[in-house]
Amino acid sequence: MNRKQFLTAVAALPLTGAAVKLGSLHSFANTLDTTDKMPVLFLGHGSPMNAIEDNEFVQGFKNIGKEIEKPRAILVISAHWETRGTYVTAMENPATIHDFGGFPQALFDVQYPAPGSPELAKLTKEIITSTEVHLDEKWGLDHGSWSVIKHLYPNADVPVIQMSIDYTQPASYHYALAKELAALRHKGVLIVGSGNMVHNLRMVSWSHINTTGYAFDWAKQADEKMKKYIVERNHQALIDYDKQGAEFQMAIPTPEHYMPLLYSLALQEKNEELIIFNDQAVAGSLTMTSLKIG
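Conventions used here
- Each residue is numbered by its place in its chain's sequence as written, counting from 1.
- Side-chain atom pairs in this predicted model are given and counted only at pLDDT of 80 or more, local residue features only at pLDDT of at least 70, and totals for whole chains, interfaces and linings cover all residues.
- Values reported for side chains reflect all heavy atoms of the structure, with hydrogen atoms and water molecules removed beforehand.
- We call a residue buried when its accessible area falls under 20% of the maximum for its residue type, exposed when it is over 50%, and partly exposed in between, using a 1.4 Å probe and counting protein chains only.
- A helix here means a DSSP run of H or I that spans at least four residues, while a strand means a run of E at least two residues long, and both kinds are numbered starting from the N terminus.
- Strands qualify as paired when DSSP identifies two bridges or more between them.
- Between the N-to-C directions of two axes lies an angle of 0 to 180 degrees, each axis being a line fitted to C-alpha atoms and, for a helix, fitted only over the stretch in contact.
- Under this scheme an angle from 65 to 115 degrees is roughly perpendicular, one under 35 degrees roughly parallel, and one over 145 degrees roughly antiparallel; angles in between are oblique.
- Here is the rule for handedness: rotate from the far helix to the near one, and if that takes an anticlockwise turn smaller than a right angle the crossing is left-handed, while a clockwise turn gives right-handed.
- By definition, residues are in contact when any of their heavy atoms lie within 4.5 Å.
- Each residue gets one of three labels, nonpolar for Ala, Val, Leu, Ile, Met, Phe, Trp, Tyr, Cys and Pro, charged for Asp, Glu, Lys and Arg, and polar for the others, Gly among them.

(A) Summary view of the pairing of strand S6 (residues 189-195). In terms of residue burial, S6 counts as a mostly covered element, since 7 of its 7 residues are buried. Pairing analysis gives 6 bridges linking strand S2 (residues 73-83) to S6, with the strands arranged parallel. Bridge assignment links Ala-73 to a residue of S6, and that residue is Val-189.

(B) Seen up close, unusual backbone geometry. The residue Ala-156 is not glycine, and still its phi comes out positive at about 50°. Residue Ala-283 is not a glycine yet carries a positive backbone phi of 60°. Within the element layout of this structure, Ala-283 appears in the loop between strand S8 (281-282) and strand S9 (286-287). On the accessibility criterion, Ala-283 (0% relative accessible area) is buried.

(C) Layout of the packing of helix H2 (residues 56-67) against helix H5 (residues 143-152). As a packed pair, H2 and H5 sit with axes 7 Å apart at the nearest point and diverge in direction by 55°. The orientation of H2 with respect to H5, classified from their angle, is oblique. Regarding H2 and H5, the two cross each other, and that crossing is right-handed. Together, Val-58, Phe-61, Lys-62 and Gly-65 of H2 and Val-148, His-151 and Leu-152 of H5 make up the contact between the two elements. The residue makeup of the contact of H2 with H5, split by class, is 4 nonpolar, 2 polar and 1 charged.

Structure below.
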């Protein structure tokens, strides 16, 4: 499937569920002893086809996986799980959700049987005090999670949970909520925001669908301005994304793919190193720009 087909399918189809997998019980670490501080990632996940392709973006994910210490567990904030209220997955064996349509059977055949972690879900619920966090037994791992995590940890041997994005709340709420997750970095938990900084499916350039690095002027300007704010640690400007002009409005027509960026940036501590990778545009109106913090 080419990128035009993928974008059409993703834009047109609703989410679908998947059967819950059976598997051995794997739990979060038996001890919650303090560890060295884990990094934080923001991954531009792009097409679900990245799950089974071998391209420059996939290589970027794999390289980052090799650079960091293997975590005890992973917490993902994915663009593809929006809820009213905040939820964390709390099942022992989360399903691999194929939340798309019109793709090759090979993509639907992919299973990522990473264990869940009810223990980490409960700990996350406990450390967040600004709002009630609900434990979820139904969702699983959507493609914003498994399509990228599988390249970091292909053996599916690290427990993974997801935290939802409350679509009723503003950016400032999500940034503040993310800060409450900071303690998990010292418990061996890798926190991953998964979305895309520039994400406007309706403005895709079909004639440049396979032109590497092609971006509309507004997309390039928005991406460069976002990266400038990121490097300068001007997080307030990024929180106030709706005040940054027409380019940002075009780049973020809906906020779900942008909010995971704020979750990751909120966890950046003073003087922490930040690396930008996979810094390419796709189809004129999307960017795969990704970050490693710490």
